[in-house]
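# Working through the structure, step by step
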Amino acid sequence: MKPRDYALRLRNRFSRRAVLIGAAQTGLFGLLLWRLHRLQILESSEYQLLSDDNRMTRHLVAPARGTIYDRFGRTVAVDRENFRIVVIPAFCDDLAATLDAISEIVPVSASEKDRVMRAARRQSGYFPVLVTEGLTWRQFALLSVLAPQLKGVRTDRATYRRYARSRSMAHVVGYVGLAAKEEVDEHPLMRVPGFRTGKAGIEKGLDPELRGQPGTISYEVDAHGRVVRELGATASVRGKDFALTIDQELQEIAHKRLQDLRVASVVVLDVVTGGILVMASFPSFDPNEVSFKIDAERWTELARNVDHPLENRALRGVYPPGSTFKVVTALAGLEAGVITPRETMHCPGGYPFGRHFFRCWKRHGSVYLHEAIKQSCDVYFYETVKRVGVDRLAVMSRKLGLGQIHDIGLAGQKQAIIPDTKWKKKVLGQPWYPGETISCGIGQGYVSSTPLQLAVATARIATGRMVRPRLIAPSEAEPEFPVLDIDPTHLELVRAGMVGVVNEKGGTAVRSVLTIPNVQMAGKTGTSQVISAKNRGFLKGWEGETHALFIAYAPVGAPRYAAACVVEHGGGGSRAAAPVVRDVMTEVLLRDPAIKMALIASNQEAPKAAKAKGRTR
Amino acid sequence: MKALFAEGLERPQVKLKQKLLALNWPFLLLITAITLVGVAALYSVAGGSLEPWASRHVVRYCIGLALLFIVALSDIRWWLRAAYPLYLVALLMLACVLLFGVESGGATRWLGWGEFSFQPSEIMKIALVLAIARYYQWLPPSQVSWPYAVLPPLAMIAVPVLLALDQPDLGTAALFGIVGCGLLFLAGVSWLYFIAAFVGIIVVLPHVWASLHDYQQERILTFIDPERDPSGSGYHILQSKIAIGSGGYTGKGFMQGTQAHLNFLPEKHTDFIFTMFSEEMGFIGAAVLLVLYLLALLFIAYMALRCRSTFARLVASGMGLCLFAYVFINVAMVTGLVPVVGLPLPLVSYGGTSMLTMMVGLGFVLNAHVNREVRIRREEFGPLW
């Protein structure tokens, strides 16, 4: 072969291979296009999400908390505007100098400055740091004007919680506070600086509804986290408003009435609706102070105070009901058929049982049911309870709402104890001894209850219906409470005894008779011992005094209000507790439209006399 | 044309006016269009400003164009003589980089005198093509597939590949390899060599792999699949894929690319400019740009096919291979098909050296095209000079 042919063959080979390479290149470009097709068309939506994820950050905007009103629409708790100063450290030339400039207008303490400086060092410089809050309008306006000159200083508006009649409403409404560590993981909203959640009372019980839905602001950020622009916002949804059944004015009056006492609480129920009109507990605290800018020292002082001002005693105070419990024992006896209204028992001032002698507070001599309630004879009820037995007593107690938690939207209620043989076996692991039944009959021993439970029991006795207490006003009319499974004649007998307690000569609370014309109150006193065989000698002075209790309902003919009052270590129920109930009940009754009408009518008949009587406490 | 053809046989010199007429003007238009895409992209990267990149890109293109004309209109025989010396100079400079190179970003690629600095590997890209073409111009066609005859060009390829690997500059090394092997293939070297090389690699690779330490294997795996390490080396490629993918069919709009403008993309004016372009222009824009490149490649192939001399054929197709390797590796890299090796997108990415090299390379393509009818007798040149 000639070399020339080689050259030709090589050129032909080049042409073939060049076409081959051209095809390969085209094929590889096809591969690139296929790849782009996959990224940009098939998986595009996925990458668009990732891209948006990259560039957008969402900031939560805290919603306004729902307002809480009392039964007449008066504000109890409301979100107020809170003027604050924040700095964005990255925009400040000199953070320390900026803080000094701020402190010329608003006092900023050295420790606050220190906190800001530390926060600025710890987190991204673009994250705002709160300097101080709760500015007055003047300070806020001044700073807002000056802000453009002070680099990195921003004024902003948040909210804080304001409570009206705060001390008297404190235990009912509760308070808010910064989200606790455990709560922070629960919802991202908790991370919003300065966001507060309900910590006690209604604020806590209805927190999820009061809280509302957070809004968001989306920002576009660059790869370094710098905000480039605002992309848009969704508005936050305000929390739900609630109306309480509490009458703020009455609550205030009750609170004032309790102020002379050391530790006391009073509950007043509307027996028809179950609405709690008054639930006062003393001593109290100021939720305004606790919710906003409280210092650690003051908080410890409140939390460690021997009288526990933070506790709502109406719900969480557990006391032996004492003689107020006798109405329950009486009903249990009547229902069981072990006593009759005419049966008389002899009270020699005590009751021997086994080797023990149970004392009565007085020698009553011969008493029948009405007198036994009226004069609060222990011996009569020792005998009654011995016949009834503790289990049947417990059934009656529970029927009347004792020893159970009533869901009124408040957390932390105490259940208290209504003992029976099963309970003792389960809790103490011991059999029931007959001797223990005797003291239960007069509301001592294992028996305990809270003021709210006592008020509910009173309401149930007064109406014969299964009254359920409530703190939140229902939005629509609720059906009447179902009738209790108790013989009405038996209820009438007990009620008559309670009327006697206040209104008949020899009753234990005759000194607390109402002074409103034509309106009578029925009640039952109780004086429960705190000293038992076990702690004898340990409790001295005030702590050794008996608790004073009083339960009542009024008006007698058509019961509308039921009340219970416990004065801790107040001495005798008739002396310490009954006057409180009388005074509060008077105010309650004077505000009742029906009674007001009757009063006006009688005033027109005898204006002078009624005036003199009606206004007396 | 007829006259040119006849004259070319007797006298290789062609008059300047005729040369200008013989230039492939549509091809020049095509590469200008590609460059304008780059100008637009750089204008967008700068946030809607000609400064600092777009205007300089234009200036560099103009300088490059001047060089292109100079190269295209020069005598092809001159380059035949210059091929080996040029290769040697480039090789020396590559070696110098090893000794006195300026380090930047973990790799030593640059040679500098004061303000001025450049990458010898860029010169080598052209010199390698010229040298291999020169070799086959001299080699008797009957000996193309002789084992001894294959060794010199293999050495010519291997030395710069090894030097580039040492820098380390994997992209350039791959480019040398692709261009060199492509040229051997086009020069007519028997299939057997390529098949043997392929089989050899397949057989040896697992053994090499097995002999590596665990951390070396891990490093290589991360290099091949950066998504194994999404916060480190995988971050850039992930952001690039997000940018391209989020562009969708029609893109986010000119100057609207969020990934690019909010700085999630690295090196968006150089190696990752294709990413930014396809984020803003979408699949359609990216496809159009790729088609422009493909057209340029097909033009080059067409021009190479029409050349009469081996040298011109191989020079033109070698430059074509070079352009292809650049585009393919860059786009495959930013779309996550191949590891990140750091090669720019020719004519579009901002960068003086790569722009000038590419324009000179394209100048050689046009030079071959202008001299397509020139026959160069094998005997005209010796083995070395």
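Residues numbered from 1 in each chain as written. Chains lettered and ligands numbered in written order. Predicted model: local features only at pLDDT ≥ 70, side-chain atom pairs only at ≥ 80, totals over all residues.

## Thoughts on the overall build of chain A
Within chain A, the secondary structure is distributed over 24 helices and 19 strands. Counting over 617 residues, chain A shows a buried share of 45%. (Helix = DSSP H or I, 4+ residues; strand = E, 2+ residues; numbered from the N terminus. Buried ≥ 20, exposed ≤ 12 C-beta atoms within 10 Å, placed from the backbone.)

## Focus on the overall build of chain B
For chain B, the count of helices and strands is 15 helices and three strands. Put simply, chain B has 385 residues, and 46% of those count as buried. Pairs at least 24 residues apart make up 71% of the contacts formed inside chain B by residues separated by at least 6 positions. (Contact = placed C-beta atoms within 7 Å.)

## Focus on the environment of Ile276 of chain A
All names here are of chain A. Looking at the element boundaries, Ile276 is found in strand 12 (residues 276-282). Put simply, Ile276 and Asp247 are 29 residues apart on the chain and 8.5 Å apart in space, counted from C-alpha to C-alpha. Non-local contacts of Ile276, meaning those with residues more than four positions away in its chain, are made with Thr245, Ile246, Val267, Leu269, Ile408, Pro469, Arg470 and Leu471.

## As for the nonpolar core
With 123 residues, the main nonpolar core has Val266, Val267, Leu269, Ala563 and Cys565 of chain A as its most contacted residues. The residues that make up this core include at least three from each of domain 2 (58-243) and domain 3 (248-285 + 311-614) of chain A. With near-sequence residues (within four places) excluded, Cys565 of chain A lies in contact with Ala264, Val266, Pro451, Leu549, Phe550, Ala577, Val580 and Val581 of chain A. Judged by nonpolar contacts, the second largest core, of 116 residues, contains Phe14 of chain A together with Val37, Ala133 and Phe264 of chain B. (Core = buried A, V, L, I, M, F, W, Y, C linked by C-beta atoms within 7 Å. Domains from an automatic or database assignment.)

## Here's the deal with the interface of chain B and chain A
Taken residue by residue, the interface counts 42 residues in chain B and 36 residues in chain A. Elements represented by at least two residues in the side of chain B that touches chain A include exactly helix 8 (170-187), helix 11 (234-247), helix 12 (258-261), helix 13 (273-305) and helix 14 (310-334) of chain B. At twelve residues, the largest contribution of residues to the side of chain B that touches chain A is made by helix 13 of chain B. Here the residues of the side of chain B that touches chain A sort into 26 nonpolar, 14 polar and two charged. (Nonpolar A, V, L, I, M, F, W, Y, C, P; charged D, E, K, R; others polar.)

## Description of the sheet that holds strand 11 (residues 264-270) of chain A
Adjacent strands of a sheet pair through backbone hydrogen bonds, lying either parallel or antiparallel. Residue and element names in this part refer to chain A. One open sheet accounts for five strands, arranged 12-11-19-18-17; its pairing is antiparallel. Each having just a single partner strand, strand 12 and strand 17 (522-528) make up the two edges of the open sheet. If you compare each strand with its neighbour and ignore which way they point, the axes differ by 5° on average. Sheet topology places strand 17 next to strand 18 (residues 547-554); seven bridges connect them, and they run antiparallel. The residue of strand 18 that forms the bridge with Lys524 is Ile551. (Pairing = 2+ DSSP bridges. Axes fitted to C-alpha atoms, helices over the stretch in contact; angles between N-to-C directions.)

## Focus: the confidence of the model for chain B
All names here are of chain B. Taken as a whole, chain B shows an average pLDDT of 87; of its residues, 92% reach a score of 70 or greater. Across residues 1-10, confidence stays below pLDDT 50; counting only partners more than four residues off in sequence or on other chains, it has eight contacts. Per the prediction output, this complex has pTM 0.66; the corresponding ipTM is 0.91. (pLDDT = per-residue confidence, 0-100.)

## Quick notes on the environment of Asp52 of chain A
Structurally, Asp52 of chain A is set in helix 2 (residues 44-55). When the C-alpha positions of Asp52 of chain A and Glu220 of chain A are compared, they lie 8.9 Å apart, and in sequence the two are 168 residues distant.

## Considering the sheet that holds strand 9 (residues 227-234) of chain A
Residues and elements named next belong to chain A. Within the open sheet, the three strands sit side by side as 1-8-9. Their pairing is antiparallel. Of all strands in the sheet, those with a lone pairing partner are strand 1 (56-61) and strand 9, marking the two edges. Taking the axes of each pair of neighbouring strands and ignoring which way they run, one obtains an average angle of 25° across the sheet. Sheet topology places strand 1 next to strand 8 (residues 215-221); six bridges connect them, and they run antiparallel. When the bridges of strand 8 are listed, Met56 appears paired with Glu220.

## Brief notes about the packing of helix 14 (residues 326-336) of chain A against helix 16 (residues 378-388) of chain A
Residues and elements named next belong to chain A. Axis separation between helix 14 and helix 16 bottoms out at 9 Å; the angle between their running directions is 45°. Relative to helix 16, the element helix 14 lies oblique. Crossing angle aside, the handedness with which helix 14 passes helix 16 is left-handed. Together, Lys326, Thr329, Ala330, Ala332, Gly333 and Ala336 of helix 14 and Phe381, Thr384, Val385, Arg387 and Val388 of helix 16 make up the contact between the two elements. Each residue belonging to the contact of helix 14 with helix 16 can be placed in one class, and the counts come to six nonpolar, three polar and two charged. (Parallel < 35°, antiparallel > 145°, perpendicular 65-115°, else oblique. Left-handed = near helix turned anticlockwise from the far one by under 90°.)

## Structural notes on unusual backbone geometry
All names here are of chain A. That bond from Phe282 to Pro283 is cis: its omega, 5°, falls within 30 degrees of zero. The residue Pro283 is located in the loop between strand 12 and helix 11 (287-291) in this model. Each neighbour pair has its own omega, and for Ala554 with Pro555 the value is -15°, a cis peptide bond. Of note, Pro555 is situated in the loop between strand 18 and strand 19 (561-567). Phi at Ser376 is positive, roughly 55°, even though this residue is not glycine. Position of Ser376 relative to the elements: it lies in the loop between helix 15 (369-375) and helix 16. Backbone geometry at Ala416 places phi at a positive 60°, although glycine is not the residue there. Assignment of secondary structure puts Ala416 in the loop between helix 17 (390-399) and helix 18 (421-427).

## Side note on helix 11 of chain B
Residue and element names in this part refer to chain B. Along its 14 residues, helix 11 runs 20 Å from first to last C-alpha, staying within 8% of the 20 Å computed at 1.5 Å per residue. Of all the 14 residues making up helix 11, ten are buried; the element is thus mostly covered by neighbouring parts of the structure. Within helix 11, burial applies to Ile237, Gln239, Ser240, Lys241, Ile242, Ala243, Ile244, Gly245, Ser246 and Gly247. With its phi angle positive at about 70°, Gly248 sits one or two positions after the end of helix 11. (Expected span 1.5 Å × (residues − 1).)

## Details of the packing of helix 13 of chain B against helix 15 (residues 352-370) of chain B
Residues and elements named next belong to chain B. Contact geometry of helix 13 with helix 15 gives a least axis separation of 9 Å together with a crossing angle of 35°. Between helix 13 and helix 15 lies a crossing whose hand is left-handed. Note on element contacts: helix 15 touches helix 13 through Val365, Ala368 and His369, opposite Ile300, Met303 and Ala304. A breakdown of the residues in the contact of helix 13 with helix 15 according to their chemical character gives five nonpolar, one polar and no charged.

## Regarding the environment of Met396 of chain A
Residue and element names in this part refer to chain A. Looking at where Met396 falls in the secondary structure, it is placed in helix 17. Overall, Met396 belongs to the buried group, with 23 C-beta atoms counted inside 10 Å. Linking Met396 and Asp485, residues 89 residues apart in sequence, is a C-alpha distance of 9.9 Å. What Met396 contacts, discounting residues up to four positions off in sequence, is Val328, Leu331, Ala332 and Glu335.

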